[in-house]
Amino acid sequence: MDIVVIRCLASTNVGFGHLVRCRVLATELCKRGYGVIMIGPPLSLKDKTDETNFLEWIPRESWLSSESEADFHLSVLKKYNSKHIIIDDYRSDGEHQKRLREENVRIVQQYDASKKQNFAANLVVNGSPHERAEFYKKDVLYNDVEFLLGPKYCILRPIFFNDELKECHKQKRILMTFGGGSDRGVILYILKNFYQIIADNNWKLTIVVSDKNENIGDISNWINSKGSKDIELMISPENMAEIMSTCSFAVLGGGTTIFEAAYLGIPALLIPIADNQINQCIGWDELGGMTYVSNFNELDDAKFAENLKSFLSEPSLIESHRQNLKTIIDEHGYERILDKLLNDE
């Protein structure tokens, strides 16, 4: 059995989008007959599916240096006689990847578009519609570095691959979620300052948070204080695709949920809560279907309120954005990435 190694960074602070992507890739690799080794996340993040998909799970949350991590990765690759690694850890840099390539390892790298870096991976991936290969012409360390950019290479969970889900957005219901880690306080801020706009337009609100979000108590207390049946708080639900399919509009951060909402045809207001989410939000705004407001740290309250009022009071505006999203994204991104990685002979 051929083996593929994955290095992933996931935590409450960083979020869990990296792990979501890696699990999708691991599932597909197993279907293709490959074994998969996970390096990085703590054992506490393993679920039942991981027991099946990963031959070994090696916790390694720290990143000591480019050289030491490359040596560690090479030791694991040698142990399993593997020449393929997927890196979804933004701490990896050109020097780290160069060391791996010197040993003829073939690399897929998901990168952070918010920071300056060099690239040595064979395949460099970012699903943001804002990204362009020409941005990085001077940053590649090998002539054969190939950039796989834009929604064509985004990684969606297969639970969303149901045409019925794409046609269910008939309720006047808003989805508000900011990923699987901390929401940095943005949900409570929006509730306190803008919920009245939602109520005045007779919309319902579904809030989804992770059980690892430290602000659950404050959010729940605020909702209880309103005594409204039109606000629903869901904590780490298993049926996220079905929940999203009942919503016709969303307020989101800049993480992987954007791709899922876009696939289902759900327009959204975007408020990134991390620097590496900003360019992605700008890119989706440029494509149409999503509207970038501003970073949460510098939230433009007036702009957010104006956009929220416009969308909630004009169904035709939501529908036009929904139609824009339908042609942007499909379900084959993870297959395209693995085809490129594995078809290297």
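These figures come from a predicted structure and were not determined experimentally.

Caption draft 1: Quick peek at the nonpolar core. Judged by nonpolar contacts, the single largest core of 35 residues is most densely connected at L191 and I271. Taken together, the elements giving at least two residues each to this core come down to β8 (173–177), α5 (186–200), β9 (204–209), α6 (216–226), β11 (249–252) and α10 (301–313). Counting residues per element, this core draws most heavily on α5, which supplies nine residues. Setting aside residues no more than four positions away along its own chain, L191 makes contact with M176, L205, I207, I219, W222 and I223.

Caption draft 2: Structural view of unusual backbone geometry. The backbone of N81 shows a phi angle near 50 degrees, a positive value even though the residue is not glycine. Since its relative accessible area comes to 71%, N81 is described here as exposed. In this structure, S236 takes a positive phi of about 45 degrees despite not being glycine. Along the chain, S236 falls in the loop between β10 (231–235) and α7 (240–245).

Caption draft 3: The sheet that holds strand β13 (residues 290–292), seen in detail. As summarised here, the arrangement of the six strands in space is β10-β9-β8-β11-β12-β13, forming an open sheet in which the pairing is parallel. Since the sheet does not close on itself, it has two edges, and those belong to β10 and β13, each with one partner. Averaged over all neighbouring strand pairs, the angle between strand axes comes to 20 degrees, with direction disregarded. Looking at chain direction, β8 and β9 are connected through five bridges and run parallel. If you follow M176 over to β9, its bridge partner there is I207. This element, helix α9 (residues 278–287), spans β12 (268–270) and β13 of the sheet and lies at about 130 degrees to β13.

Caption draft 4: Representation of the sheet that holds strand β4 (residues 84–88) within the structure. Pairing is parallel in the open sheet, where seven strands are placed in the order β3-β2-β1-β4-β5-β6-β7. Because the sheet does not close on itself, it has two edges, and the strands there are β3 (56–59) and β7 (146–149). For this sheet, the mean inter-axis angle between neighbouring strands, taken without regard to orientation, is 15 degrees. Of the strand pairs in this sheet, strand β6 (residues 123–126) and β7 are connected by four bridges, and their pairing is parallel. Paired with V125 across the strands is L148, a residue of β7.

Caption draft 5: Local environment of the packing of aromatic side chains. Inspection of every chain in the model, using the stated rule, returns 15 aromatic pairs. Residues Y189 and F296 carry aromatic rings whose centres are separated by 5.7 Å and whose planes lie at 70 degrees to one another, so their mutual orientation is edge-to-face. Of this pair, Y189 sits in helix α5 while F296 sits in the loop between β13 and α10; the two residues are 107 residues apart in sequence, bridging distant segments of the chain. Judged by relative accessible area, which is 15%, F296 ranks as buried. For the cation-ring pair, R60 lies above F72, with the distance from its terminal atom to the ring centre recorded as 3.8 Å. Taking the ring centre of Y263 as reference, the NZ or CZ of K166 above it sits at 4.2 Å.

Caption draft 6: Up close: the packing of helix α1 (residues 17–31) against helix α12 (residues 333–342). Contact pair α1 / α12: the axes reach a minimum separation of 10 Å and the direction vectors enclose 60 degrees. Classified by the angle their axes make, α1 and α12 are oblique. In the crossing of α1 with α12, the sense of the turn from one axis to the other is right-handed. For the pair α1 and α12, the contacting residues are V24, L25, E28 and L29 in the first and Y334, E335, L338 and L342 in the second. Looking at the contact of α1 with α12 residue by residue, the classes come out as six nonpolar, no polar and two charged.

Caption draft 7: View of the pattern of salt bridges. Scanning all chains against the criterion turns up 22 salt bridges. The partner of R101 in a salt bridge is D144, with the nearest N and O atoms 2.7 Å apart. One end of the pair, R101, is in helix α4 (residues 94–101); the other, D144, is in the loop between β6 and β7, and 43 residues separate them in sequence. With a relative accessible area of 14%, R101 lands in the buried category. Measuring nitrogen to oxygen at the nearest pair gives 3.5 Å for the salt bridge that ties K212 to D211. By relative accessible area, K212 is classed as partly exposed at 34%. Residue D211 is classed as partly exposed on the basis of its relative accessible area of 48%. Residues joined by salt bridges that share partners form a network here, namely R7, R60, E69, D89 and R91.

Caption draft 8: Representation of the packing of α5 against α6 in the model. Two elements in contact, α5 and α6, have axes whose closest approach is 9 Å; the angle formed by their N-to-C orientations is 25 degrees. By the angle between their directions, the pair α5 and α6 is classed as roughly parallel. Crossing of α5 against α6: the hand is left-handed. In contact with I187, L188, L191, K192 and Y195 of α5, α6 contributes D218, I219, W222, I223 and K226.

The rules behind these values
Residues numbered from 1 in each chain as written. Predicted model: local features only at pLDDT ≥ 70, side-chain atom pairs only at ≥ 80, totals over all residues. Heavy atoms only, no water. Core = buried A, V, L, I, M, F, W, Y, C linked by side-chain atoms within 4.5 Å. Buried < 20%, exposed > 50% of the residue type's maximum accessible area, 1.4 Å probe, protein only. Helix = DSSP H or I, 4+ residues; strand = E, 2+ residues; numbered from the N terminus. Contact = heavy atoms within 4.5 Å. Pairing = 2+ DSSP bridges. Axes fitted to C-alpha atoms, helices over the stretch in contact; angles between N-to-C directions. Phe/Tyr/Trp six-rings, centres within 6.5 Å; stacked < 30°, edge-to-face > 60°. Lys NZ or Arg CZ within 6 Å of the ring centre and 35° of its normal. Parallel < 35°, antiparallel > 145°, perpendicular 65-115°, else oblique. Left-handed = near helix turned anticlockwise from the far one by under 90°. Nonpolar A, V, L, I, M, F, W, Y, C, P; charged D, E, K, R; others polar. Salt bridge = Lys/Arg side-chain N within 4 Å of Asp/Glu carboxyl O.

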